[in-house]
Amino acid sequence: MSLKLNKARELDACDVLKHKRDEFGLDNDQIYMDGNSLGPMPFAAGKAIEQATNIEWRIDLISSWNKHNWIDLPQSTAAKIAPIIGAKPHEVICSDSISINLFKLLSAALSITSDRTEILSEQGNFPTDLYMVEGLSTLLGEQRAQLRTVKKPEIIDSITDETAVVLLTHVDFRTGEMLNMEEITRKAHQHDALVIWDLAHSAGALPLSLDSLDVDFAVGCGYKYLNGGPGSPAFLFVAEKHLRRIRQPLSGWMGHKAPFDFSPKYQAADNIEKFLCGTPPILSLSALNGALNVFEEVDMADIQQKSISLRKLFLECLADEPTISETLNLLTPTPIEEHGSQLSFAFEQAFELSQALIDQGVIVDYRAPNVVRFGFTPLYLSHREIVNAADILTKLIVNKTYLNPKYQTRNKVT
């Protein structure tokens, strides 16, 4: 392991992102490898919350809607996300959750493919994505919205002239496998179908080019790689070409063209603001807005390259111990350049192993039924930490420490 530590020190010495660690309030006694589930708090997010509560809310009160531009916070926050996902600022808005935004976009997309009913997705897609389609189908009836799921390798060939919308998650939440956004989007458009991409495990973790790939719609998460805090508002993307003709069904007053006219008749805004609904959650939006400052002057290509470097080193460390390859089954596909910023392993006692790792200061997470996930977030993880995490993992498995009964207790959130 000493040779790997020497290699880690060399890699850390030339790391162009190493200064970013100082922007997070992380405990140095922990190795945080769960940023793919909940990003840690940047200091800038804490300062933004303090400003929003102690100055804007406590002192300036309702005047803050204008004085501190609360009313434009969904747009100004989205403008910081736009370059991260390869979009124009006026194509992105921050609001609600991924689930609600999916409902909006699915409904809107079906309204402009009115002669088709099929929503094509993957069988292993994140459950909430499939749940929202099922809910929409129950509401509208299968004659307007019908879910069809196929296995991952069958997606391309399953897109036909009957497909209305292709709904897919770019990076698989269990395995980290990344779909070919360019190829799938192009195939969908060849059949006049629309595509909605779920970027929950992509945005902030790897370079994205929604505009250059001619993506129609996308949703994304604010609390994973974007570090906006638990329950942080999500974002949605609508390609410029669709903005004027499309309309979503949740016609709340903030999506009105002139909300403070208080007209009894709804008239949707003619821009991305039509996808707003209720009053913006100012405190959580402020946290996300502040958190996004860590991406200033960061090249997403540098984030991807460091992520690859971290993951390769981790696998090299594990390969040094034969017991690991015999007991841990790597679910994340190779080559390593073709998946998201995580590594997932199948293990018979995955839950117990994850709890043992957490107990030793390596914060990972577990996904049923038998998956341990390691997130590799380049903004704050070092190569040295990765070597140490691999060493702890190896010792826990070799010594079978995870069999301790204390690691079997399951809480409501696993």
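Here, the structure is the one placed above.
Residues numbered from 1 in each chain as written. Predicted model: local features only at pLDDT ≥ 70, side-chain atom pairs only at ≥ 80, totals over all residues. Heavy atoms only, no water.

## Thoughts on the environment of Met 132
And then number 1: Following the sequence through the fold, Met 132 ends up in helix H6 (residues 127-140).
And then number 2: Sequence spacing of Met 132 and Asn 101 is 31 residues, and the spatial spacing of their C-alpha atoms is 9.8 Å.
And then number 3: The contacts of Met 132, once residues within four sequence positions are left out, are Ser 99 and Phe 103. (Helix = DSSP H or I, 4+ residues; strand = E, 2+ residues; numbered from the N terminus. Contact = heavy atoms within 4.5 Å.)

## Focus on the sheet that holds strand E6 (residues 194-198)
And then number 1: Taken together, seven strands build an open sheet; the order of strands is E2-E8-E7-E6-E5-E3-E4 and the sheet is mixed. Sheet topology places strand E2 (92-94) and strand E4 (146-150) at the edges, where each strand pairs with a single neighbour. Recorded for the sheet is a direction-independent mean angle of 20° between the axes of neighbouring strands.
And then number 2: Strands in contact with helix H5 (residues 98-111) are strand E3 (118-122), strand E5 (163-169), E6, strand E7 (217-220) and strand E8 (235-238); relative to E7, the strand with the most contacts, it is inclined by about 170°.
And then number 3: Packing against the sheet, H6 makes contact with E3, E4, E5 and E6, and its axis sits at approximately 150° to E4. (Pairing = 2+ DSSP bridges. Axes fitted to C-alpha atoms, helices over the stretch in contact; angles between N-to-C directions.)

## Here we look at the side chain of Lys 224
And then number 1: Among the secondary structure elements, Lys 224 is positioned in the loop between E7 and E8.
And then number 2: One buried charged side chain, Lys 224, makes no salt bridge at all; its nearest oppositely charged neighbour is Asp 198, positioned 7.4 Å away.
And then number 3: Apart from residues no more than four positions distant in its own chain, Lys 224 is found in contact with Gly 35, Asn 36, Ser 37, Gly 39, Ala 200 and His 201. (Buried < 20%, exposed > 50% of the residue type's maximum accessible area, 1.4 Å probe, protein only. Lys, Arg positive; Asp, Glu negative; His and termini not counted. Salt bridge = Lys/Arg side-chain N within 4 Å of Asp/Glu carboxyl O.)

## Description of a nonpolar patch on the surface
And then number 1: Together, Trp 57, Leu 61, Ile 62 and Leu 283 give the surface a local cluster of nonpolar side chains, amounting to about 440 Å² of exposed area.
And then number 2: Structurally, Leu 283 can be placed in helix H9 (residues 282-291). (Patch = residues over 30% accessible without salt bridge, like charges linked within 9 Å, V, L, I, M, F, W, Y side chains within 5 Å. Areas by Shrake-Rupley, 256 points an atom, 1.4 Å probe, with all protein chains shown as cover.)

## As for the pattern of salt bridges
And then number 1: Applying the stated criterion across every chain yields a total of 22 salt bridges.
And then number 2: Between Asp 60 and Lys 67 there is a salt bridge, with its nearest N and O atoms 3.2 Å apart.
And then number 3: Each of the salt bridges in this network shares a partner with another, and the network as a whole consists of Lys 88, Glu 91, Asp 211 and Glu 240.

## Details of the state of the cysteines
And then number 1: Taken as a whole and judged by the stated rule, the model has zero disulfides.
And then number 2: Here Cys 14 stays unpaired: no disulfide links it, and the sulfur of Cys 317, its closest cysteine neighbor, is 16 Å away.
And then number 3: With no disulfide of its own, Cys 277 has Cys 94 as its nearest cysteine by sulfur position, at a separation of 15 Å.
And then number 4: Relative accessible area serves as the criterion here: at 23%, Cys 277 is assigned to the partly exposed category. (Disulfide = S-S within 2.5 Å.)

## Some thoughts on unusual backbone geometry
Across the chain, the bulk of peptide bonds are trans and the bulk of non-glycine residues have phi less than zero.
And then number 1: Here the amide bond leading from Thr 334 into Pro 335 is cis, since omega sits at 0°, within 30 degrees of zero.
And then number 2: Note that Pro 335 resides in the loop between strand E9 (329-330) and strand E10 (342-346).
And then number 3: The residue after Ala 368, namely Pro 369, is reached through a cis peptide bond having omega 5°.
And then number 4: With respect to the helices and strands, Pro 369 occurs in the loop between strand E12 (365-367) and strand E13 (371-375).
And then number 5: The residue Leu 61 is not glycine, and still its phi comes out positive at about 50°.
And then number 6: Structurally, Leu 61 is set in the loop between helix H2 (43-57) and helix H3 (64-67).
And then number 7: Positive phi, normally seen in glycine, also occurs at Asn 227, with a value near 60°.

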